[in-house]
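This is what each chain is made of:
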Amino acid sequence: MKDYLKEKTRFVMKTETLMGDGIAKELPDVLAAWEWSRVGLVVDGGLYRHNDYARQVAETLRQRLEHVTMLIADMPEPTYDYLDQTRGVFADLDLDCFVGIGGGSTLDIAKGLATLMTNEGAAVSYRGFGKVKNTPLPVVALPSTAGTGSEVTPYAVFIDTQQQWKFGINSEHNYPKLALYDPRLLDSCPDRIYASAGMDAMTHTLESFVARNATVVSRMFSKQAFKLLFPNLKRAAGGERSTAVKLNLLLGAGCAGVALMNSGAGPAGALSYPLGVYYDVPHGLAGSVFLPAVIRYNVENGYTDYAELYDLVCDEACATAAEKSSRFAEAIEQLSDELGIPTELGGFGVKTDEDSRRIIDHSMQLKAAFEQNPITFGQSEVERIVYALS
Ligand SMILES: [Fe+2]
């Protein structure tokens with residue numbers, strides 16, 4: 001963790017948040033107060049078809065505002081090509097803002113399209129850090145899964161089909177203006193998405209907490225995220241879908257996103273990318289397969305800061321930070337198991353040695369994330385973890 005008494009540290013949070021049961025119904029009034037009446041609306045297809053409340057929110061917006069153009073997005077892992085194909089739907093409409101209602105992918109699409117309204121050229125030309133020149137249209141984000149934290153971060157991740165790589169448009173201009181956390185938007189969320197999105201948020205929480213670039217402030221968010229996510233994911237794994245569980249998971253995922261963007265991702269997050277690109281594994285699920293192994297590796301090599309997190313959710317007395325960290329690793333393995341997260345890669349199609357090599361070689365392109373791990377994590381550690389799960 002960075003020591004602010006000895007080195008420069010930075011903390012950013014630029015998104016206003018509103019949360020509460022039924023808060024999404026206030027969306028037309030919020031936009032009207034900002035004098036935004038011409039809206040590009042991106043709604044997740046599954047959500048629009050299966051969640052009556054979400055459909056009502058979208059339809060009310062269309063009735064109340066002057067001009068709302070809606071795109072129903074059925075694109076679980078969005079590509080740069082998809083952005084180029086759909087930008088024409090909104091071009092020349094002189095929009096005031098974009099609204100995204102859906103999971104992380106849908107929110108990313110809204111952010112990507114908001115960028116393309118003010119920046120010419122192919123979407124993929126903005127892939128990377130700091131490529132966006134002109135300020136995008138503002139984005140209002142309503143998450144329908146508790147996972148990516150996209151509603152508060154400046155990242156929008158897309159697959160580059162030409163290069164076979166998954167990498168975002170990452171720009172300081174891309175923070176959503178407003179995030180609305182409404183538990184009713186989770187009403188149609190399938191169990192498997194509760195699990196994979198929840199463990200994505202847990203991955204953000206834990207990897208941001210241990211990251212070398214973590215700061216005292218980012219750790220406040222990591223800890224709060226963990227405190228919200230751990231017990232409520234257990235409740236969700238047991239089938240509880242109360243308003244409190246949904247709101248706590250949404251808020252936990254948001255705090256995890258804030259922590260992540262202020263510290264940096266780690267090995268599990270990086271290892272998830274080749275699984276997504278080559279085997280179509282949803283991002284959250286892909287990262288969570290690796291998370292317990294990374295924690296176990298850190299603990300076995302003497303990392304003990306997990307004890308701080310263990311103390312937040314467990315009052316069981318045990319003597320040393322090393323013991324608490326070891327129990328913490330077990331607790332995450334158990335949670336992962338309760339949520340039905342796979343413990344091996346074969347089910348995703350990673351079957352041959354060539355498959356494993358492809359994941360290893362591609363992961364190594366994300367060395368910056370490995371360097372964030374508090375214990376040295378290089379190619380041999382990547383190989384050990386990938387082969388252990390194969
Ligand atoms: Fe993630």
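Cut-offs used in this document
Residues numbered from 1 in each chain as written. Predicted model: local features only at pLDDT ≥ 70, side-chain atom pairs only at ≥ 80, totals over all residues. Heavy atoms only, no water. Donors = N, O, S within 2.8 Å, 3.2 Å for Na, K, Ca; no water. Helix = DSSP H or I, 4+ residues; strand = E, 2+ residues; numbered from the N terminus. Buried < 20%, exposed > 50% of the residue type's maximum accessible area, 1.4 Å probe, protein only. Pairing = 2+ DSSP bridges. Patch = residues over 30% accessible without salt bridge, like charges linked within 9 Å, V, L, I, M, F, W, Y side chains within 5 Å. Areas by Shrake-Rupley, 256 points an atom, 1.4 Å probe, with all protein chains shown as cover. Salt bridge = Lys/Arg side-chain N within 4 Å of Asp/Glu carboxyl O. 1 Å grid on protein atoms, 1.4 Å probe; cavity = no way out; pocket = protein on both sides within 12 Å on 5 of 7 lines; lining within 4 Å. Points joined across faces, edges and corners; volume = space filled by probe spheres on them. Nonpolar A, V, L, I, M, F, W, Y, C, P; charged D, E, K, R; others polar. Domains from an automatic or database assignment. Contact = heavy atoms within 4.5 Å. Buried area = accessible area lost by both parts, 1.4 Å probe. Polar contact = N/O pair within 3.5 Å; in protein donor to acceptor, adjacent residues only side chain to side chain. Axes fitted to C-alpha atoms, helices over the stretch in contact; angles between N-to-C directions. Parallel < 35°, antiparallel > 145°, perpendicular 65-115°, else oblique. Left-handed = near helix turned anticlockwise from the far one by under 90°.

## A few points about the coordination of the iron ion
Here is step 1 of the chain: Distances from the iron ion to its protein donors, Asp200 (OD), His204 (NE2) and His283 (NE2), fall at 2.0 to 2.2 Å.
Here is step 2 of the chain: Mapped onto the sequence, the residues coordinating the iron ion show the spacing D-x3-H-x78-H. Placement of His204 in helix H6 (residues 191-210) and of His283 in helix H10 (residues 283-300) is noted, with a sequence separation of 79 residues between them.
Here is step 3 of the chain: Of the residues examined, His204 reaches a relative accessible area of 8% and is grouped as buried.

## Looking at the sheet that holds strand E7 (residues 155-160)
Here is step 1 of the chain: One open sheet holds the 3 strands; their spatial order is E5-E8-E7, and the pairing between them is mixed. Sheet topology places strand E5 (128-129) and E7 at the edges, where each strand pairs with a single neighbour.
Here is step 2 of the chain: Inspection of the sheet shows E5 paired to strand E8 (residues 165-170) by 2 bridges, in the parallel sense. Among the inter-strand pairings, Phe129 is bridged to a residue of E8, identified as Asn170.

## Points about a nonpolar patch on the surface
Here is step 1 of the chain: A cluster of nonpolar side chains, namely Met1, Tyr4, Leu5 and Val216, defines an oily patch on the protein surface of about 450 Å² accessible area.
Here is step 2 of the chain: Mapping Leu5 onto the fold places it in the segment before strand E1 (16-19).
Here is step 3 of the chain: Exposure remark for Leu5: the relative accessible area of 70% places this residue in the exposed category.

## Comments concerning empty space enclosed by the protein
Here is step 1 of the chain: A full pass over the atoms with the stated rule returns 1 cavity of 30 Å³ or more.
Here is step 2 of the chain: Roughly 40 Å³ of internal volume is contained in the largest cavity.
Here is step 3 of the chain: The wall of the largest cavity is formed by Thr145, Ala146, Leu186, Cys189, Ile193, Tyr194, Ala197, Gly198, Leu233 and Leu249.
Here is step 4 of the chain: Of the residues forming the lining of the largest cavity, the biggest block, 4 residues, is contributed by H6.
Here is step 5 of the chain: Here the lining of the largest cavity is built from residues that sort into 8 nonpolar, 2 polar and no charged.

## Digging into the domain arrangement of the protein
Here is step 1 of the chain: According to the domain assignment, the protein consists of domain 1 (16-186) and domain 2 (191-389).
Here is step 2 of the chain: Here the C-alpha centre of domain 2 lies 26 Å away from the C-alpha centre of domain 1.
Here is step 3 of the chain: Across the contact, 26 residues belong to domain 1 and 27 residues belong to domain 2.
Here is step 4 of the chain: Of the roughly 2300 Å² buried between domain 1 and domain 2 on both sides combined, carbon and sulfur atoms contribute 73%.
Here is step 5 of the chain: Of all residues in domain 1, the largest losses of buried area upon contact with domain 2 belong to Ala146, Trp165 and Lys166, amounting jointly to 27% of the total for that side.
Here is step 6 of the chain: At the junction of domain 1 and domain 2, the tally comes to 0 salt bridges.
Here is step 7 of the chain: Summed over the shared surface of domain 1 and domain 2, the result is 1 residue pair in polar contact (both at pLDDT 80 or more).
Here is step 8 of the chain: Those elements that place two or more of their residues in the side of domain 1 that touches domain 2 are E7 and E8.
Here is step 9 of the chain: Split by residue class, the side of domain 1 that touches domain 2 holds 14 nonpolar, 7 polar and 5 charged.

## Some words on the pattern of salt bridges
Here is step 1 of the chain: Throughout the structure, instances matching the rule amount to 23 salt bridges.
Here is step 2 of the chain: Here Arg49 and Asp74 are joined by a salt bridge, their closest N and O atoms 2.9 Å apart. Pair noted here: Arg49 is in helix H2 (residues 45-50) and Asp74 is in the loop between strand E3 (67-73) and helix H4 (80-90), with a separation of 25 residues, a long-range link.
Here is step 3 of the chain: Glu77 is the salt-bridge partner of Lys166, the closest N and O atoms lying 2.7 Å from each other. Note that Lys166 is positioned in strand E8 and Glu77 in the loop between E3 and H4, a separation of 89 residues in sequence.

## Brief notes about the pairing of E8
Here is step 1 of the chain: In terms of burial, E8 is largely enclosed, as 5 of its 6 residues are buried.
Here is step 2 of the chain: Sheet analysis places E7 next to E8, joined by 6 bridges and oriented antiparallel. Paired with Val157 across the two strands is Gly168, which belongs to E8.
Here is step 3 of the chain: Once E7 ends, the chain turns through 4 residues before running back antiparallel as E8, passing Gln164 with a positive phi of about 50°.

## Regarding the packing of helix H7 (residues 216-237) against helix H12 (residues 321-338)
Here is step 1 of the chain: Where H7 meets H12, the closest approach of the two axes is 9 Å, and the angle between their N-to-C directions is 40°. Comparing their axes, H12 and H7 come out oblique. Of the two elements, H7 crosses H12, and the hand of that crossing is left-handed. Judged by residue contacts, Phe226, Phe230, Leu233, Lys234 and Ala237 of H7 engage Phe328, Ala331, Ile332, Gln334, Leu335 and Glu338 from H12.
Here is step 2 of the chain: Looking at the contact of H7 with H12, its residues break down into 8 nonpolar, 1 polar and 2 charged.

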